[in-house]
Amino acid sequence: MKTIIFIMTIILMMSGCGSTAQEQTNDELFEAFIDGEIPAYYEDENRESFYMTDLPNDPNDFTYCSVGERVDLDNDGEEELIINGAYGGIYLDVRDEKIYVLDEGNGTAWTLSYAKFDEKTWIVHSDVMHGGRKFYHFTLYNETGQIVDEFDLNKEYWDNTEVEDSPDTIYTYRDEEITKEEYDELRMKMLGY
């Protein structure tokens, strides 16, 4: 009986070591990127790879980048690395033992963040800095960096940019017009405000 318990203990320890080794590999790759030893790649081969040391590192510069938190952004059970920076920064993912850009911010009309709802993490690009609109584009990624779902939640008040919730305001969710109450409920559920 002791032999069986010993063998089962060894099997359990070995099976646990496999997942820990994978996590260490991802952590080691992120640390190597942070230390400027390896680059991050874009899926689009026409875009150049970059090193952490290529990113702006002057805290007085608007485009300053720094190492952020680690969050499971593609719902694969492994944490991705957030690089804090202008317009929400850059989200990095480990795939095939390389670091890839999962997503990034691109101006005030494409500011990057993430939201957790319905037991999933969604990448959010938003445009809330301009008059006449509040746009949120939600993207759900899988473990291979592919988009598996995406939709918009929008508020448009072009004719009266001073009053967001005028009778002329249009609210849409997944390309369908909705009421202000439905919009507010969805925004609270998805974004928490």
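Preceding this section is the structure that the text describes.
Here the structure is a predicted model, which is why all the values come from computation and not from measurement. (Residues numbered from 1 in each chain as written. Predicted model: local features only at pLDDT ≥ 70, side-chain atom pairs only at ≥ 80, totals over all residues. Heavy atoms only, no water.)

**Q** It is not clear to me how the overall build of the protein chain should be interpreted in this structure. Could you clarify?
**A** When helices and strands are tallied, the protein chain shows two helices and 11 strands. Along the protein chain, helices and strands appear, N-terminal first, in the series α-β-β-β-β-β-β-β-β-β-β-β-α. Looking at the protein chain as a whole, 37% of its 193 residues are labelled buried. Of the contacts made within the protein chain by residues no fewer than 6 positions apart, 33% connect residues no fewer than 24 positions apart. Accessible surface, the protein chain: about 11700 Å² in total, of which carbon and sulfur atoms supply 50%. (Helix = DSSP H or I, 4+ residues; strand = E, 2+ residues; numbered from the N terminus. Buried < 20%, exposed > 50% of the residue type's maximum accessible area, 1.4 Å probe, protein only. Contact = heavy atoms within 4.5 Å. Areas by Shrake-Rupley, 256 points an atom, 1.4 Å probe, with all protein chains shown as cover.)

**Q** How do you make sense of the sheet that holds strand β3 (residues 80-84) when you look at a structure like this?
**A** Hydrogen bonding along the main chain pairs the strands of a sheet, whether they run parallel or antiparallel. The mixed open sheet is built from five strands, whose spatial order is β1-β5-β4-β3-β2. Among the strands making up the open sheet, the edge pair consists of β1 (40-41) and β2 (66-71). Pairing of β1 with strand β5 (residues 98-104) involves two bridges; the strand directions are parallel. Looking at the pairing, Y41 lines up with Y100 of β5. (Pairing = 2+ DSSP bridges.)

**Q** Help me out: how do you make sense of the sheet that holds strand β10 (residues 170-173) in this one?
**A** Strand order in the open sheet formed by six strands is β6-β7-β8-β9-β10-β11, and the pairing between neighbours is antiparallel. The open sheet has two edge strands, β6 (111-117) and β11 (176-178), and neither has a second partner. In this sheet, adjacent strand axes meet at a mean angle of 30° when their direction is disregarded. Bridge count between β10 and β11: three bridges; the pairing is antiparallel. Bridge assignment links T172 to a residue of β11, and that residue is E177. Its contacts with the sheet put helix α2 (residues 180-191) on β6, β7 (120-127), β8 (133-141), β9 (147-156), β10 and β11, and the angle it makes with β9 is roughly 130°. (Axes fitted to C-alpha atoms, helices over the stretch in contact; angles between N-to-C directions.)

**Q** Help me out: how do you make sense of the pairing of β8 in this one?
**A** Strand residues, when the strand is regular, have side chains that alternate between the two faces of the sheet. For β8, a buried count of eight out of nine residues is recorded, marking the element as mostly surrounded by other parts of the structure. As judged from the five bridges shared by β7 and β8, these two strands associate in the antiparallel manner. What sits directly across from H125, in β8, is H137. Remark: five residues form the turn of the hairpin made by β7 and β8, two consecutive strands paired antiparallel; G132 in that turn has positive phi of roughly 85°. In this structure, β8 lies alongside β9, joined through nine bridges in antiparallel fashion. Across the sheet, the residue bridging to Y141 is I147, located in β9. Counting the residues between successive antiparallel strands, the hairpin from β8 to β9 contains five residues, one of them, G145, with a positive phi of roughly 80°.

**Q** Please clarify how the environment of L112 should be interpreted in this entry.
**A** Residue position: L112 is located in strand β6. On a C-alpha basis, the gap between L112 and V124 in space is 5.8 Å, while along the polypeptide they are 12 residues apart. Ignoring anything within four residues of it in the chain, the contact list for L112 reads Y87, G88, G89, I90, Y91, D103, E104, G105, I123, V124 and H125.

**Q** What am I meant to see in unusual backbone geometry here?
**A** Among all residues except glycine, the phi angle is most often negative; among peptide bonds, the trans geometry is most common. Unlike most non-glycine residues, N75 shows phi in positive territory, near 60°. Relative to the assigned elements, N75 resides in the loop between β2 and β3. Under the relative-accessibility criterion, N75 is labelled partly exposed at 30%. A positive phi is found at D175, a non-glycine position, where the angle reads about 65°. Following the sequence through the fold, D175 ends up in the loop between β10 and β11. Look at D175 and you get exposed, because its relative accessible area is 71%.

**Q** Which parts of the structure should I look at to understand the nonpolar core?
**A** Counting residues in each nonpolar core, the largest one holds 16 residues, and the members touching the most others are F33, F50, L55, I83, I90, L92 and I99. At the level of secondary structure, the elements contributing two or more residues to this core comprise α1 (2-34), β3, β4 (90-95) and β5. Excluding anything up to four places from it in sequence, I99 contacts L29, F30, F33, I38, P39, A40, Y41, L92, D93 and V94. Ranked by size, the runner-up nonpolar core spans 15 residues in total, among them F117, V124, L153 and I178. (Core = buried A, V, L, I, M, F, W, Y, C linked by side-chain atoms within 4.5 Å.)

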